[in-house]
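Listed below, chain by chain, are the residues.
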Amino acid sequence: MWIEQNQLDIKTIKYIDEKGKALQTDISLSEQQLLEMYKGMVKARVFDVRAMKLQRQGRIGTYAPLQGQEAAQIGSAYATGEKDWIYPSYREIGVSIMKGMPMERLFMYTMGHLEGLAQHAANVFPVQIIIGAQYLHAVGGAWASQYQKEDSVAVAYIGDGGTSEGDFHEALNFAGVYKLPIVFVVQNNQWAISVPFEKQTASKTIAQKALAYGITGVRVDGNDVVAMYMTMKQAIEKAKAGEPVLIEAVTFRQGPHTTADDPTKYRLPDEESEWGEKDPLVRIKKYLTESGSWNEEKDQQLFDEMAELVTQAFTKAQSEEPSQLTDVFEHIYKEKTPQLVEQQVQAEGEKRP
Amino acid sequence: MTMMTIVQAINQALESEMEKDERIILLGEDIGKNGGVFRVTDRLFEKFGERRVVDTPIAESAIIGAAVGMAARGLRPIAEIQFMGFVFEAMDQLVAQAARLRFRSGGTQTAPMVIRVPYGGGIRAPELHSDSLESVFAHSPGLKIVMPSSPYDAKGLLIAAMRDPDPVLFLEPMKLYRAFQEEVPEEEYTVEIGKANKLREGEDLTIITWGPPVYTVKAVAEKWWTEKGVSIEIIDLRTVAPLDIETIIASVEKTEHVIIVHEAVKTGGIGAEIAAVISEKALYSLAAPILRVAGYDTPYPTAMVEEEWLPNEKRINAAITAVLEE
Ligand SMILES: Cc1ncc(C[n+]2csc(CCOP(=O)(O)OP(=O)(O)O)c2C)c(N)n1
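These numbers were taken from a predicted model, which means no experiment stands behind them.

With that settled, the discussion passes to the overall build of chain B. Secondary structure summary: chain B contains twelve helices and 14 strands in total. For a compact globule of 326 residues, the expected C-alpha radius of gyration is about 20 Å, and chain B comes in at 20 Å, within 12% of that figure. Overall, chain B is about 60 × 45 × 40 Å in size when its C-alpha atoms are taken along their principal axes. By the burial criterion, 62% of the 326 residues in chain B qualify as buried. A separation of at least 24 residues holds for 82% of the contacts in chain B among residues at least 6 apart in sequence.

Okay, here's the thing in structure tokens:
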């Protein structure tokens, strides 16, 4: 038999529709949990909008916005436990915030502070710039958990474009062969800088790529925070039982790729407004309002509260001592080499270069 | 003649060669509709279409590896790696495949191709976007490495690279992409690969440099002349593999004092190679030790300290003072 794309019928998991109506009955989240997720999403949104503004004012450096992807990030991160490890790319600001990364650290990173590189959240790997590299680190991390009989999973994040790199495929293959406790999350936000999904891969979905590696794949509405949470919860359970999972979260990057990018060069405003209507914050807010636990007044209060927190974080970041040249010689080896010692002395003001 | 930036000069070199030679295909990430993240390939997609200007999936090893296969079968691929820090993904295809195809096929197969890569610091870019890695590749026999520092050279060297029978790594200084304009002929011309450019004549000291620091060195040399009457000869290497040893040695024999300025980290850099060549061929001409002003032996640092980390005027001045005082 020929195996063909069209034989695959892949459905997208959804719990709440665009109008905020529940589509499934097994939502095992308490009202408080739902509110915590919504708060996380608002915090990420407010941070993101502010960071874009600060970059435009020249007060921070290049920034990669996550607007539109809050549900995919917060829902998946909220489902992880304290012992689980996160392997993020540059866009997982929402995940970091949810995992307890102080926002001033995030500002310091974009301000070009050497100290901004230091991770101040539990079990989060450093931000990855090289597309796909973190997928293999997550494999190693999961392997270590398995070997050391820890009760934890590795969660690796990547974009749709990243699934084209060899590292992605090598990671899925290892995970399948060694039955590792790992969840691969792909945020399919439709674009890899200027390249649309259909020019990135000829397969209809990302989820189906799991099959080729003998692992489980699933496709989720990435703008539905409840669907993200519920799927992630199950995926973590499976992963702990030695069944790695690939989750494709179907979402949309509402802003530019980074502050250095101009999306009008490659995409139409129609696509943006269409997805704008599916905004992940609006959906969960409608759901919460519908169920009576939320209203406009509380919403405004929450946004104000988050704006205040973000302001405080930025003020804190600004008040940090700027990095000095002499600091670059730290953290290269455990102990400085003779060459580094010599160069540090020179850098600190000796005459010879 | 038209005033052009380096970006415009490279764009024009690509356009005019593509018009003449149908075998040329551009491959890279975001080079099509978007015209490249630096707009170096601007308008080429509209003009030549998606068969010749290909927006590839994000897969550097595939981009370079496919280019090797294309080149071996009669095409002339020009591949782009978006930023130099991402070149490691394609390392095997570049140094173990492209560079060696001629040798490992006993001269029966070749990979005439160009790999264009923006590199260098001073633009406050995120991690792994600003590295200067030329010495990593200079250690790979079979590759030529071209590093222009001006619009005129960029256009002439790129056309030469596209016509070269061997794989050429063409490194483009990001900081200089739009930093200034210069007169560039509209028509096509080539600048010879492997020939350095003596940018300034001098008697007292030779500074050997390439890429982004060329402009810092020019400014420094001008000041030493006007303020102290010290005349500095500047050699812009333009190509680091092969090295123009003849020009270097002739200059050293004349001035007897040498400084090498490069952005890449100091240890194991091209500067070390040049110093070794000078000591082999002209040691007794030297009146002072050769000094290097280079990136420190650290990963490229974050934006807050990069200006101090780079070979800046202050660091070059200190080296000049030290060499002349010997
Ligand atoms: C190995 C490597 N190649 C290229 C890049 C440049 N680059 C940065 S982000 C990006 C697009 C990534 O798209 P996707 O994986 O879909 O993630 P998104 O940015 O949309 O979240 C590219 C090409 C890089 N950082 N690393």
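Alright, that's what it looks like, and here's the rest.
Below, the discussion takes up the UniProt feature "domain: Transketolase-like pyrimidine-binding" (unreviewed entry) in chain B. According to UniProt, the "domain: Transketolase-like pyrimidine-binding" (unreviewed entry) feature falls on residues 4–179 of chain B. Between the C-alpha atoms that bound residues 4–179 of chain B the distance is 11 Å, and the span itself is 35% helix and 16% strand.

All names here are of chain A. In the contact formed by helix α1 (residues 31–56) and helix α2 (residues 70–78), the axes pass within 9 Å of each other and the chain directions differ by 130°. With respect to α2, the element α1 is oriented oblique. In this structure, α1 crosses over α2, and the sense of that crossing is right-handed. Across from Gln 33, Glu 36, Met 37, Gly 40, Met 41, Ala 44 and Arg 45 in α1, the residues of α2 making contact are Glu 70, Ala 71, Ile 74, Gly 75 and Tyr 78. Partitioned by chemical class, the residues of the contact of α1 with α2 number six nonpolar, three polar and three charged.

All right, on to the interface of chain B and chain A then. Contact with chain B, which involves 45 residues of that partner, is made by 39 residues of chain A. In total, chain B and chain A occlude about 3400 Å² of area from one another, counting both sides; carbon and sulfur atoms represent 59% of this. Of all residues in chain B, Ile 58, Tyr 296 and Met 304 of chain B bury the most surface against chain A, accounting for 19% of the area lost on that side. Where chain B touches chain A, the interface holds two salt bridges. Asp 42 of chain B serves as the salt-bridge partner of Lys 265 of chain A, at 3.4 Å between the closest nitrogen and oxygen. Among the elements of the structure, β14 (291–295), α11 (303–309) and α12 (313–325) of chain B are those that each provide at least two residues to the side of chain B that touches chain A. Considered class by class, the residues forming the side of chain B that touches chain A number 20 nonpolar, eight polar and 17 charged.

Rules behind the numbers
Residues numbered from 1 in each chain as written. Chains lettered and ligands numbered in written order. Predicted model: local features only at pLDDT ≥ 70, side-chain atom pairs only at ≥ 80, totals over all residues. Heavy atoms only, no water. Helix = DSSP H or I, 4+ residues; strand = E, 2+ residues; numbered from the N terminus. Rg over C-alpha atoms; globule rule 2.2 N^0.38 Å. Buried < 20%, exposed > 50% of the residue type's maximum accessible area, 1.4 Å probe, protein only. Contact = heavy atoms within 4.5 Å. UniProt positions renumbered as here; feature names shortened; annotations may be inferred. Axes fitted to C-alpha atoms, helices over the stretch in contact; angles between N-to-C directions. Parallel < 35°, antiparallel > 145°, perpendicular 65-115°, else oblique. Left-handed = near helix turned anticlockwise from the far one by under 90°. Nonpolar A, V, L, I, M, F, W, Y, C, P; charged D, E, K, R; others polar. Buried area = accessible area lost by both parts, 1.4 Å probe. Salt bridge = Lys/Arg side-chain N within 4 Å of Asp/Glu carboxyl O.

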